[in-house]
Amino acid sequence: MDKEGRDNLFMAEALGEAKKGALADEVPVGAVIVHQEIVIARAHNLRETSQDPTAHAEMLAIREAAGKLGTWRLSDCTLYVTLEPCVMCMGAIILARLPRLVYGCRDPRAGAVGSIYDLAADDRFNHRVEVTEGVLGEICSGMLSEFFFSLRRRKKAAT
């Protein structure tokens, strides 16, 4: 399978995680970390469930992958996430030495890989991250739009 095919396959896995989040009334963001063509970590947002502001899908997946590999250096892994990472998550990606990030759609309000900031391109850091954006982007964006539309509709109906 070529690189584009692998990216689509693993982004579909991240979308599956995002769906789990939506079912739990979490913002539907999903992430998977792949090592040697195998998913070793998967997560979705759990901020509402855990009342933990750091419980973003990326953070949870990074923690799980580090635990499974027994090292904080995830230098042989790729992170797939449905939404452009925020500053906190991009910081963790850099610190975990992830060499590659693949994300679905941009986050114009909090994105730190080009939308508001571009931490991946900042050469002042001691680690560079290769970024591929837009993988299954319309599906990722559509899931988020549908979630927020439904949330607004439910809030309006409750008033």
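Our subject is the structure listed above.
Computed from a prediction, not measured in an experiment: that's the story for all the values here.

Q: Which residues make up the pattern of salt bridges, and what values go with them?
A: Per the counting criterion, the structure on display carries 11 salt bridges. With a closest N to O distance of 2.9 Å, Lys 20 and Glu 17 form a salt bridge. Of this pair, Lys 20 and Glu 17 both sit in helix 1 (residues 3-23), three residues apart, which is roughly one turn of that helix. In this structure, Glu 17 and Arg 42 form a salt bridge, with 3.8 Å as the shortest nitrogen-oxygen distance. Remark: Arg 42 occurs in strand 2 (residues 38-44) and Glu 17 occurs in helix 1; sequence separation between them is 25 residues.

Q: How would you sum up the sheet that holds strand 4 (residues 100-105)? Please name residues and give values.
A: Taking strand neighbours across the sheet as the criterion, the five strands line up as 2-1-3-4-5 in an open arrangement whose pairing is mixed. In this open sheet, the two strands that pair with only one neighbour each are strand 2 and strand 5 (130-133). Taking each pair of neighbouring strands and ignoring which way they run, the sheet shows an average axis angle of 15 degrees. Relative to strand 2, strand 1 (residues 30-35) is paired through six bridges, and the arrangement is antiparallel.

Q: Describe in detail the environment of Ala 92, supporting the description with residues and values.
A: Summarising the element assignment, Ala 92 is placed in helix 4 (residues 87-95). Exposure remark for Ala 92: the relative accessible area of 16% places this residue in the buried category. Sequence-wise, Ala 92 and Glu 146 are 54 residues apart; in three dimensions their C-alpha atoms are separated by 28 Å. If we ignore the near neighbours within four places in the chain, the residues touching Ala 92 are Met 59 and Ile 62.

Criteria and thresholds
Residues numbered from 1 in each chain as written. Predicted model: local features only at pLDDT ≥ 70, side-chain atom pairs only at ≥ 80, totals over all residues. Heavy atoms only, no water. Salt bridge = Lys/Arg side-chain N within 4 Å of Asp/Glu carboxyl O. Helix = DSSP H or I, 4+ residues; strand = E, 2+ residues; numbered from the N terminus. Pairing = 2+ DSSP bridges. Axes fitted to C-alpha atoms, helices over the stretch in contact; angles between N-to-C directions. Buried < 20%, exposed > 50% of the residue type's maximum accessible area, 1.4 Å probe, protein only. Contact = heavy atoms within 4.5 Å.

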